[in-house]
Amino acid sequence: MFSEKYKDLYLSTTQEQLKSIADVLLLLERNPKNPEYLQTLFISLHSMKGSAATMGYKDTIVYLHQIESLVQAMINGTLLIDKNTLDLIFRSLDTLHANLQYISQHSQELDFKQAIADLEKILKSPVKIKKSDKLSAQHDQTALVAPYESTEMIVPAKDLDKIQNLLDDLLVNIMSIKGVAIKSAQSQILSKVVTADTLANNLRRELERMRILPLEQVFSNLPYLVRSIARDEHKNVELLIEHNDISLDKSILDELLEIIVQLIKNSVVHGIKSSQKNGQINLHASLESDELVVTVSDNGRGIDWSKVLALAVNKKVISVEASRKLKLVDIPSLLFHPGMSSKKNMDIHGGRGVGLSVVKDRIKKLNGQVEIASTLNKGTKFTLHLPLPLSIFRSIAWQVGDWSLAVPMAYVDRVVKLPEIKDFSNDKYFVYNKKRIKLLNLHTILPLEIKAPAKYILFLNIQKNIFALPIASSIKESELVMKKNPSVMRLLPKFKGLAISSSGRVNLILDINNLL
Amino acid sequence: MSSKNQQFITFKLSDRLLAMPLNKDSQFFSCEHLLALPINNKYIAGVSYLNGQLVTILRTDKFFGLNWKMPSHPQCLLFSYQGDFYGLAVDQGIDTVTVPQVYLEKTKNIFNKYIKINKQKVFILEAEQIFTELKIYV
């Protein structure tokens, strides 16, 4: 039996197949008379059955066969295609999802006996439909048993990570050799190194492209999720998505999806009222300068901030005294504290009180920020600001004590060498070409005891304004390779991340917005 | 006590012989460039770069409250934990050993498992304990 060796491949392939089935079911729900949807459904289920057979999951095969029979009955016209039948198939998908999770954790399938028995009952007493309501039952029998074919291959993200790391190492070494070749003034060697550098960079770009997924693809599961939760909460909710053709690195998308799922769950469970017939959630993503902005908004009941404050006191998140001093703008941050749920029953979708605190942690992991805006009886809007990842970039780098710092060249307007070393400790502005430019200082992000006199001024373009950063040490232009943030960077939220120079040194990349 | 052949990698820190469970990432390396971080955390020495990976270097001596002067290019023992790479700063890497038994020192709360090498107790540093008991990231 192949089970253990090919388990990961089976899980990822079946996950994809379940997603396709969910998409088709949503289409069928809107257009139950379209026979193509049922045919596609049947073929997908048949293909899943084949995969399960390869793995030896006998109960899964039987369960899938039952669902196939259900769909076949709908095609033949012996079973009504209505809300109840479709709900039944949706619930079967939930069971199959649960099965995948179980297999992932325990390397064996779920006990399907009850689920199989329930489907048997339905199949033994189908509801016949009128002739006029029948679908055009002509379908190509060959098509129904056509095998699932794919020219695609599923590669685990961690394998791509490994290749990325090896490639980064190669690039750092090539950068180092380039430096040596330039110094040696050997044009032939330099020419070959430049070619190698170009090839390695092209390889990196192709690898990055493989890791990039369109938001559309990732968001496409969400209507099904909203439908599931709304059904369980007995609410009417529609999800509208605007993705603006944005694509992102898979690692960021994975984190982002978890955040969005939690916010959407919140909207359905806490936002939209049961009495609302027009429940709507809007998911919008856009790119603004160097950040991704995602909003999740609903037209529900809105948030009563006075109740949030009272709950925070009741749950001992803050003291009564502290609550009296709290400004209105600071109340929304209380929502992100663990244990702040107002739902009395801790059900599967909401009410555990940890959802928004998980959101906050995930956003922090991505070096992002979240804002909440809400109006009573009109709705609530969560806005996420997530910085876009850097890759390989040119930078200005310098040393401050033990710390190697760098700023991406994209933010550098110019560098000015001062005619003489100057102490800017007591100055708020730097005058350059008769213009007053606001001075920044690194004390906002670094525990510096002394402000050293500056040799250079770095002019930084931050949010379309120019600021001046005095630099005490020598500076150099450096090509850096950005790396994925290790967990330790959680302790340094004011920095963008870490990048490697051609000499293999690690540099702290400033998040210049935090200098303001 | 657990009785099953297990492999460990041993190293010296100050005068102590210590061990860590052997895994696929275990290797000793010399930390050539260490980036200090602007944080107030006694356990974290900084970040280094090795074979395409960022490695967070940990002050192993602080786990035990030892009086140890870390060199500027310390020897480190590489291990991975929850997707990140870490290097334990050590004096000297020793060897890999296979032992039939792991013992428990009941008088200790943390790093209380040990193996016997030439009748000497060699205490084990487990990654899980380092991060959950010491709360490195708090």
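As the structure is a prediction and not an experimental result, all values here were calculated from the model. (Residues numbered from 1 in each chain as written. Chains lettered and ligands numbered in written order. Predicted model: local features only at pLDDT ≥ 70, side-chain atom pairs only at ≥ 80, totals over all residues. Heavy atoms only, no water.)

Colleague: So what exactly am I meant to see when it comes to the sheet that holds strand E6 (residues 75-81) of chain B here?
Modeller: Across a sheet, paired strands are connected by hydrogen bonds in the backbone, their directions being either parallel or antiparallel. Residues and elements named next belong to chain B. Taken together, the five strands give an open sheet; going across it, the order is E3-E6-E7-E5-E4, and neighbouring strands pair in mixed fashion. A strand with exactly one partner marks an edge of an open sheet, and here the two such strands are strand E3 (27-30) and strand E4 (44-50). Each adjacent strand pair in this sheet contributes to an overall mean axis angle of 35 degrees, direction not counted. (Pairing = 2+ DSSP bridges. Helix = DSSP H or I, 4+ residues; strand = E, 2+ residues; numbered from the N terminus. Axes fitted to C-alpha atoms, helices over the stretch in contact; angles between N-to-C directions.)

Colleague: Sorry, what's going on with the side chain of B:Asn112 here?
Modeller: Here B:Asn112 shows up in the loop between strand E8 (92-104) and strand E9 (113-117). Sequence-distant contacts of B:Asn112, that is, excluding residues within four places in its chain, are made with B:Tyr103, B:Leu104, B:Glu105, B:Phe123 and B:Gln129. (Contact = heavy atoms within 4.5 Å.)

Colleague: Explain the sheet that holds strand E15 (residues 475-483) of chain A here, please?
Modeller: All names here are of chain A. Read once around its circumference, the closed barrel built from five strands follows the order E8-E9-E17-E16-E15, with strand pairing classed as mixed. Shown here is a sheet whose adjacent strand axes are inclined to one another by a mean of 50 degrees, direction ignored. Relative to strand E16 (residues 495-500), E15 runs antiparallel, the two being bridged by three bridges. Paired with Met482 across the strands is Ala499, a residue of E16. The strands that helix H7 (residues 157-184) touches are strand E8 (392-400), E15 and E16; relative to E15, the one it contacts most, it runs at about 160 degrees.

Colleague: In this structure, what is going on with the packing of aromatic side chains? I would like to understand it.
Modeller: Remark: the centre distance and the inter-plane angle together describe each pair of aromatic rings, the angle taken between the planes. Throughout the structure, instances matching the rule amount to 17 aromatic pairs over all chains. Taking the centre distance of 6.4 Å and the plane angle of 55 degrees together, the rings of B:Phe79 and B:Phe131 count as tilted. Taken together, the positions of B:Phe79 in strand E6 and B:Phe131 in helix H2 (residues 127-132) put the pair 52 residues apart, joining distant regions of the chain. Per residue, the accessibility class of B:Phe79 equals that of B:Phe131, and both read buried. Of the aromatic side chains, those joined through ring pairs into one cluster are B:Phe79, B:Tyr81, B:Tyr86, B:Phe131 and B:Tyr137. Lying across the ring of A:Phe424, A:Lys422 places its NZ or CZ 5.0 Å from the centre. (Phe/Tyr/Trp six-rings, centres within 6.5 Å; stacked < 30°, edge-to-face > 60°. Buried < 20%, exposed > 50% of the residue type's maximum accessible area, 1.4 Å probe, protein only. Lys NZ or Arg CZ within 6 Å of the ring centre and 35° of its normal.)

Colleague: Would you mind showing me how to read the pattern of salt bridges here?
Modeller: Residues and elements named next belong to chain A. Counted by the stated rule, this structure contains 21 salt bridges over all chains. Close ionic contact of Asp23 with Lys19 constitutes a salt bridge, the shortest N to O distance being 2.9 Å. Of this pair, Asp23 and Lys19 both sit in helix H1 (residues 7-30), separated by four residues, roughly a single helical turn. In this structure Lys19 comes out as buried when scored by relative accessible area, which is 16%. With a closest N to O distance of 2.8 Å, Arg227 and Asp87 form a salt bridge. (Salt bridge = Lys/Arg side-chain N within 4 Å of Asp/Glu carboxyl O.)

Colleague: Would you explain the layout of surface pockets in this entry?
Modeller: Empty pockets left among the atoms are what a rolling probe the size of a water molecule brings to light. All names here are of chain A. Size it by volume and the second largest pocket reaches roughly 930 Å³. Taken together, 32 residues make up the lining of the second largest pocket; nearest its centre are Glu291, Asn367, Gly368, Gln369 and His385. Looking at the lining of the second largest pocket, the elements with two or more residues in it are helix H14 (355-365), strand E6 (369-375), strand E7 (379-387) and strand E13 (454-462). Per element, the largest residue contribution to the lining of the second largest pocket is four residues, and it comes from E6. In the lining of the second largest pocket, the residues fall into 12 nonpolar, 10 polar and 10 charged. (1 Å grid on protein atoms, 1.4 Å probe; cavity = no way out; pocket = protein on both sides within 12 Å on 5 of 7 lines; lining within 4 Å. Points joined across faces, edges and corners; volume = space filled by probe spheres on them. Nonpolar A, V, L, I, M, F, W, Y, C, P; charged D, E, K, R; others polar.)

Colleague: Could you clarify how one ought to interpret unusual backbone geometry in this entry?
Modeller: Leaving glycine aside, a negative phi is the common case for residues, and trans is the common case for peptide bonds. You will see that A:Asn433, though not glycine, has its phi angle at about 50 degrees, which is positive. Tracing the chain through its elements places A:Asn433 in the loop between strand E11 (429-432) and strand E12 (435-438). Judged by relative accessible area, A:Asn433 falls into the exposed class, the value being 59%. Residues other than glycine seldom take positive phi values, yet B:Asn51 does so here, at roughly 50 degrees. Looking at the element boundaries, B:Asn51 is found in the loop between E4 and strand E5 (53-58). When its relative accessible area of 46% is taken as the criterion, B:Asn51 is described as partly exposed.

Colleague: I tried to follow the nonpolar core on my own but got confused; where do I start?
Modeller: Core analysis: the biggest nonpolar cluster contains 80 residues, and A:Trp398, A:Leu460, B:Phe63, B:Leu88 and B:Ile130 have the highest contact counts within it. Setting aside its immediate chain neighbours within four residues, A:Leu460 contacts A:Val407, A:Tyr411, A:Val412, A:Asp413, A:Leu440, A:Asn465, A:Ile466, A:Phe467, A:Leu469, A:Ile512 and A:Leu515. Within the second largest apolar cluster, 49 residues are counted, among which are A:Leu248, A:Val294, A:Ala312 and A:Val359. (Core = buried A, V, L, I, M, F, W, Y, C linked by side-chain atoms within 4.5 Å.)

Colleague: Just to check I follow, could you spell out the interface of chain B and chain A for this structure?
Modeller: For interface size, the figure often reported is the accessible area lost on association. Between chain B and chain A, the contact holds 19 residues from the first and 26 residues from the second. In terms of surface lost to chain A, no three residues of chain B exceed B:Pro38, B:Tyr49 and B:Leu54, which account for 33% of the buried area on that side. Counting across the chain B and chain A interface gives zero salt bridges. In this structure, the connection of chain B to chain A is made through six residue pairs in polar contact (both at pLDDT 80 or more). The set of elements that each furnish at least two residues to the side of chain B that touches chain A consists of E4, E5 and strand E7 (84-90) of chain B. Of the residues forming the side of chain B that touches chain A, the biggest block, four residues, is contributed by E4(B). When grouped by side-chain class, the residues that make up the side of chain B that touches chain A number 11 nonpolar, seven polar and one charged. (Buried area = accessible area lost by both parts, 1.4 Å probe. Polar contact = N/O pair within 3.5 Å; in protein donor to acceptor, adjacent residues only side chain to side chain.)

Colleague: For this particular structure, what's the right way to read the confidence of the model for chain A?
Modeller: Interpretation of this model should avoid reading the predicted coordinates in detail wherever pLDDT is low. All names here are of chain A. Confidence in the prediction for chain A averages 82 pLDDT; 90% of positions are at 70 or higher. Within chain A, no element has a lower average pLDDT than helix H6 (residues 141-144), which sits at 37, and none a higher one than strand E17 (residues 506-510), at 94. Per-residue pLDDT stays below 50 along residues 128-148; that stretch engages in 29 contacts with residues further than four places along the chain or on separate chains. Low pLDDT, under 50, characterises residues 344-353; the predicted model gives this stretch 22 contacts beyond four residues in sequence or across chains. (pLDDT = per-residue confidence, 0-100.)

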